[in-house]
Each structure stands twice: as structure tokens, then as C-alpha cells.
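These are the residues of each chain, in order.
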Amino acid sequence: MFISFDGIDGAGKSTQRDLLTQWLTEQGHEVVLCRDPGTTEAGERVRDLLLHRAELELHPRTEMLLYMAARAQLVDDVIRPAIAAGKTVLCDRYLLANIAYQGHASGLDLEDVRGVGKVAVDHVMPDLTILLDLPEDIAFPRLGKNLDRMEAKGVAFMHRVREGFLKEAETYPHVAVIDASQEIDAIQKAIREAVSQRLKDMP
Ligand code: ADP
Ligand code: MG
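Residues numbered from 1 in each chain as written. Chains lettered and ligands numbered in written order. Predicted model: local features only at pLDDT ≥ 70, side-chain atom pairs only at ≥ 80, totals over all residues. Heavy atoms only, no water.

## Examining the UniProt feature "domain: Thymidylate kinase-like" (unreviewed entry) in the chain
The cut-off we apply is this: UniProt positions are given in the numbering used here, feature names are shortened, and annotations may be inferred rather than shown by experiment. Only runs of H or I of at least four residues qualify as helices and only runs of E of at least two qualify as strands under DSSP, and these elements are numbered from the N terminus.
In the numbering used here, UniProt assigns the "domain: Thymidylate kinase-like" (unreviewed entry) feature to residues 5-191. Taken end to end, residues 5-191 is 55% helix and 12% strand, and its two terminal C-alpha atoms sit 10 Å from one another.

Printed below as a string of C-alpha cells:
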């Protein structure tokens, strides 16, 4: 099974992913954790370029293509082999993030992003995407002082990203929208229910 976590920065992805890992491991799943962009050696270098090189100007198209390149490497090196070995993959972000950030929020043509995305993921798509939904004015103050390049785009940008995620969720049945304004335990409970449901539906 392949599960991705998405949502704006500060929504609680890392917190919830760690709790879900505990639960799945207790149930006998062999969990493989990854982050997108990143995880592979090449992907981590691209991540550094994308998030931590504030001195570099990157156009939205450049940004989108770099994310996609990192993802292609992640799919081939980590995600596809893990799924084939019967493991459960939990990934921090995936293609949906590019559709929301570079598509909806930065104005790239959505069909273009989807088209490049198709090449990057090469048919490897999550069985379930947990979309942690939180108003940007709650999420933004959680981010602290050292903002990465995406976080530094500010709260109005985050608003557009959030709207983009919600719009996409309407059309994709495998995206579970979870109200992330609740207490940590209540959010985790909702996530476990969504995962249990999806596991039941799977062959
Ligand atoms: P993300 O990975 O989506 O950026 P994190 O899991 O790192 O988000 O959470 C961002 C911050 O918000 C962390 O300091 C975390 O402890 C806090 N946090 C996470 N979930 C909640 C919650 N439900 N209520 C209050 N604070 C939370
Ligand atoms: Mg995180």
C-alpha cells in the first residue's frame, strides 16, 4: 500500500505520519518512509536546491520540473520496489503538491502539470492521499522563523495552495480530506479510519 500525506506547511503532516507509522507497524506492516522531494541521494540534492537556496531565482516551470525529476528518481529507487516487496510506503507529499503549489497557486497550466506528472510517476500513484486541511492563518504561525523557499511565499500564497488542494480533492476519490484543526489524537483517529477503510477496499 502507498499512502501520501499532503497539505500546506504546518498542517501536521510529519506529526501525523509518525503516529500512523507506529500504528501500522504494530499491525505488522513493514513501513517505508519517504519524503518528496528527497529520500534518494539525487532527490535530496534537488530538495536542497528547491527549498534552501533562497539566493537562486527559480521560475514556477523550473520549480515544477525539478520536483518532478526528484519524484521520478524516488519512484524508481524507493517507492516501486517497496510496493513490489509488499511494504507500506508513507510519503510526505507527492504529485498533488505540485498541482496545488505550481498549478493552482503559481498559475501553471493544470493539464501541463498533470502531463509532466504522468511521466514522473510512471503509473505509481498513492492508493490513498491524506489531505490535512487547515486554514493558512492557523498553519502559518506554526512555521517559526527560518522559512524555506516555499514557506517564504507567504500567507496569501498558502491560501491559494489550500484552495487548490480542496478543489483537487473534489475530483479524486482517493484523497481523504481530514480536518487538521482538531487535536492531534482526533486527527490521527480520522486518519486511521480512512486507512482502514481503504485497506478493506483493496484487493
Ligand atoms: P508539517 O509537517 O505539515 O509542516 P508538522 O507536523 O511539522 O507539520 O507540525 C507543525 C507544527 O505544528 C509542529 O510544531 C507541531 O508540533 C504542531 N502541530 C501539529 N499538529 C498539531 C495540532 N493538531 N494542534 C496543534 N499543533 C499541532
Ligand atoms: Mg513536515
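## Description of the packing of aromatic side chains
For the record, the criterion: Any two of the Phe, Tyr and Trp rings considered here, Trp counted by its six-membered ring, make a pair once their centres fall within 6.5 Å; the pair's planes then place it as stacked at under 30 degrees, edge-to-face at over 60, or tilted in between. A simple rule labels every residue: compare its accessible area, found with a 1.4 Å probe on the protein chains alone, to the largest value its type can have, and call it buried under 20%, exposed over 50%, or partly exposed in between. Cation placement over rings: the criterion is NZ of Lys or CZ of Arg within 6 Å of the ring centroid and within 35° of the ring normal.
Scanning the model with the defined rule gives three aromatic pairs in all. Their ring planes at 90° and their centres at 5.0 Å tell us that Phe2 and Tyr94 sit as a pair that is edge-to-face. Taken as a pair, Phe2 in strand E1 (residues 2-6) and Tyr94 in the loop between strand E3 (88-92) and helix H4 (95-105) lie far apart in primary sequence, 92 residues in all. Summarising the aromatic geometry, the rings of Tyr101 and Phe165 are spaced 6.2 Å apart at their centres and angled 80° between planes, so their arrangement reads as edge-to-face. Here Tyr101 is found in helix H4, whereas its partner Phe165 is found in helix H7 (residues 155-171), with 64 residues between them in sequence. The same class applies to Tyr101 as to Phe165, namely buried. Chaining the aromatic ring pairs together yields one cluster made of Tyr101, Phe157 and Phe165. A cation over a ring is seen here: Arg71 above Tyr94, with NZ or CZ 5.5 Å from the ring centre. The ring of Phe157 is capped by Lys153, whose NZ or CZ atom sits 5.5 Å from the centre of that ring.

## Things to note about the pairing of E3
The line we're drawing: Pairing between two strands requires that DSSP report at least two bridges joining them.
Burial runs high along E3: five of the five residues are buried. Of the two faces of E3, the one lined by Thr88, Leu90 and Asp92 and the one lined by Val89 and Cys91 are each fully buried. Relative to E3, strand E2 (residues 31-35) runs parallel, the two being bridged by five bridges. Paired with Arg35 across the two strands is Asp92, which belongs to E3.

## Observations regarding the sheet that holds E2
Where we set the bar: To get an axis, a line is fitted to the C-alpha atoms, and for a helix only the part in contact is used. The angle between two axes follows their N-to-C directions and goes from 0 to 180 degrees.
Spatially, the five strands line up as an open sheet ordered E2-E3-E1-E4-E5, and their pairing is parallel. The strands lining the two open edges of the sheet, one partner per strand, are E2 and strand E5 (175-179). Pairwise comparison of adjacent strand axes, ignoring direction, gives a mean angle of 20° for this sheet. Note: strand E4 (residues 128-133) against E5, five bridges, orientation parallel.

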